[in-house]
Amino acid sequence: MAKPDFRAPRPPELLSPWRSERRAALQEEARTFARDVILPLADALDPRKGEMPRSLIDAMAEKGWFGITIPAEYGGMGLGVFEYCLISEELARAWLSTGSILARGQGLGTQTLDDDRRRALLAKSAKGQWIGSIALSEPTAGSDLAGVQTRAVRESDDWVLTGTKRWAGFAQGADFIEVLARVRDPEPGEPRSAGLEPFLVVKEPGTFPAGMTGTVIDKIGYHGFLTFELDLDRVRVPERDRLTGLYGDEGADADAGGFASVQRGLNIARVHTAARAVGVARAAVEDCTAYLQEREQFGQPIGQFQALRFALADMAAEVAQARAYWQQVAHLLDEGLPAESESAQVKLLATEMAVRVTNQAMQLHGGNGYTTERRIERYWRDARLTTIFEGTSEIQRRIISDRMLPRG
């Protein structure tokens, strides 16, 4: 039997109604960068849990990608959630953590009380010179952020922060850490989240500020940067570094409280997570497309067996479905709609899809998939995390169902 011609995996095109020449160019630029620059680094560094070099972050900054959603008047690209997710999918296809590092720009850590300082920080953020870490969760407050117990006490012109934070990614390498802390206990009749506010802890990259120590959390995946548990012992933050919002939310109302701004930012973060999950799952599909033609058993490429062909078809269909949905929800957010339920739905569907697809990819690779010789195990490990961060799948189901059914 003649060996069939090799068919290279075909990456997705940006289709109508979302296609524009600028978007298509952005997609191609990110795709080329991911293939030629990120993928070789990921292959070399991820197996040894290495950190991405600063030169890679600087190269991404030169592309303007830390300012995708920052208005052009501040030096950003002036684009929307759609373009942010479009670029992130391409980067995550090579290494999940590079799609994630972009979230540490985009105007994060710029919503200070002083307008002049806010504008200056936006300009730094757009250049990739103001990259942060987010410290929301705690050992006893993850999905339940209203349970945050880190305290912020006013002393003269400063706030003094004391408590423990967990899952602070890139905390040591960052220029700042956003810390969610409680300034007061809720009054009777108020929601449990009342009294929570975000604070900006400014620091030198590679260090922790006075009063803060960090312990590395040894993760099984999501390598490329370190993740920390942080102990805060009277960390001083000037009043000018109390923030009015997270994630560069220029529409945040200072009177609405910091916790509300966290929730608004999480809607964008969830769609962004969906796009990153699609990138990881797509990598698995593309690698499987090549492997089924390369691997021979019983005298022919295993891609000739119908069961394996159909498995690949199911994987490709699920990835395409999730991509179409994140594009729709990103568009809704760019239209100014809250899309809270839709953001939860796409995060739930895309991340659970990524787990299924990468798991099936490992099966199609057989024993070779269970080695570090192939990238499949990296995709498998990274996909599993996407169902947990930015709100677990169970939290997404709660958000969705609460908007469908009344509670007793």
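Above this text sits the structure in question.
The rules we used
In this numbering scheme, every chain counts its residues from 1 along its sequence in written order. Where totals are concerned, whole chains, interfaces and linings use all residues; where local detail is concerned, this predicted model gives features only for residues with pLDDT of at least 70, and gives and counts side-chain atom pairs only at 80 or more. Only hydrogens and water are set aside; all other atoms, that is, all heavy atoms of the structure, feed into the side-chain values. The helix count covers DSSP runs of H or I at least four residues long, the strand count covers runs of E at least two residues long, and both are numbered beginning at the N terminus. By this rule, a helix spans an expected 1.5 Å times one less than how many residues it contains. Only protein chains enter the accessibility calculation, which uses a 1.4 Å probe; a residue whose area is less than 20% of its type maximum is buried, one above 50% is exposed, and one in between is partly exposed. Here an angle of 0 to 180 degrees is reported between the N-to-C directions of two axes, which are lines fitted to C-alpha atoms, with helices fitted over the stretch in contact. Our angle categories are set so that under 35 degrees counts as roughly parallel, over 145 as roughly antiparallel, 65 to 115 as roughly perpendicular, and the remainder as oblique. Here a crossing is taken to be left-handed if its near helix is turned anticlockwise relative to the far helix by less than a right angle, and right-handed if that turn runs clockwise. Any two residues whose heavy atoms approach within 4.5 Å are treated as being in contact. All residues other than Ala, Val, Leu, Ile, Met, Phe, Trp, Tyr, Cys, Pro, Asp, Glu, Lys and Arg, Gly among them, are scored as polar; the first ten of these are nonpolar and the last four charged. Every case where a carboxyl oxygen of Asp or Glu lies within 4 Å of a side-chain nitrogen of Lys or Arg is listed as a salt bridge. Within 3.5 Å is the distance limit for a polar contact, defined as a pair of N or O atoms, with the added protein rule that one can donate a hydrogen and the other accept it, and that residues adjacent in sequence qualify only through two side-chain atoms. Joining through side-chain atoms within 4.5 Å is the link that ties buried Ala, Val, Leu, Ile, Met, Phe, Trp, Tyr and Cys residues into a set, and such a set is a nonpolar core.

Participant: Explain helix α3 (residues 81-94) to me, and be specific about the residues and the numbers.
Facilitator: With 14 residues, α3 ought to run about 20 Å at 1.5 Å a step, and its terminal C-alpha atoms sit 20 Å apart, in line with that. With 14 of 14 residues buried, α3 lies mostly within the body of the structure.

Participant: Can you lay out the packing of helix α7 (residues 306-334) against helix α8 (residues 340-365) for me, pointing to particular residues and giving the numbers?
Facilitator: Two measures define how a pair of helices packs: the angle their axes make with one another and the distance between the axes. Where α7 contacts α8, the two axes come as close as 9 Å, and the packing angle between them is 160°. Taken as axis vectors, α7 and α8 run roughly antiparallel relative to one another. Between α7 and α8 lies a crossing of left-handed hand. Contacts between α7 and α8 involve Leu308, Ala311, Met315, Glu318, Val319, Ala322, Tyr325, Trp326, Val329, Leu332 and Leu333 from the former and Glu342, Ser343, Gln345, Val346, Leu349, Ala350, Met353, Arg356, Val357, Gln360, Ala361 and Leu364 from the latter. When the residues that make up the contact of α7 with α8 are grouped by side-chain class, the tally is 17 nonpolar, three polar and three charged.

Participant: Go over the packing of helix α1 (residues 21-45) against helix α2 (residues 54-62) with me, naming the residues and quoting the values.
Facilitator: Axis separation between α1 and α2 bottoms out at 11 Å; the angle between their running directions is 165°. With respect to α2, the axis of α1 lies roughly antiparallel. Of the two elements, α1 crosses α2, and the hand of that crossing is left-handed. Here α1 contributes Phe33, Val37, Ile38 and Leu41 to the contact with α2, which in turn contributes Leu56, Ala59 and Met60. Its residues assigned to classes, the contact of α1 with α2 shows seven nonpolar, no polar and no charged.

Participant: I'd like a rundown of the environment of Arg403, residues and numbers included.
Facilitator: Among the structural elements, Arg403 can be located in the segment after α10 (393-402). By relative accessible area, which is 43% here, Arg403 ends up partly exposed. Measuring from C-alpha to C-alpha, the distance between Arg403 and Glu340 comes to 9.3 Å, with 63 residues separating the pair along the chain. Sequence-distant contacts of Arg403, defined by excluding residues within four places in its chain, comprise Glu340 and Ser341.

Participant: So what's going on with the pattern of salt bridges? Residues and values would help.
Facilitator: In total, this model carries 35 salt bridges according to the counting rule given. Across the pair Lys49 and Asp218 runs a salt bridge whose closest N-O atoms are separated by 2.8 Å. Of this pair, Lys49 sits in the loop between α1 and α2 while Asp218 sits in the loop between β6 (212-216) and β7 (227-238); the two residues are 169 residues apart in sequence, bridging distant segments of the chain. Looking at Lys49, the relative accessible area reads 41%, which means it is partly exposed. Note on Asp218: relative accessible area 64%, which makes it exposed.

Participant: Summarise the side chain of Ser88; cite the residues concerned and give the values.
Facilitator: With respect to the helices, strands and loops of the structure, Ser88 is situated in helix α3. On the basis of relative accessibility, which here comes to 0%, the residue Ser88 falls in the buried class. Looking at Ser88, its side chain comes within polar contact range of the side chain of His272, at 2.8 Å. Non-local contacts of Ser88, meaning those with residues more than four positions away in its chain, are made with Gly99, Leu102, His272 and Arg276.

Participant: For the nonpolar core, give the residues involved together with the corresponding values.
Facilitator: Core analysis: the biggest nonpolar cluster contains 76 residues, and Met60, Trp65, Leu91, Leu102 and Trp326 have the highest contact counts within it. Counting only elements with at least two residues in this core, the list comes to α1, α2, α3, α4 (96-101), α6 (258-294), α7, α8 and α9 (376-386). No other element matches α6, which puts 13 residues into this core. Excluding its chain neighbours within four sequence positions, the residues that come into contact with Leu102 are Met60, Trp65, Phe66, Ile68, Tyr84, Ile87, Ser88 and Leu91.

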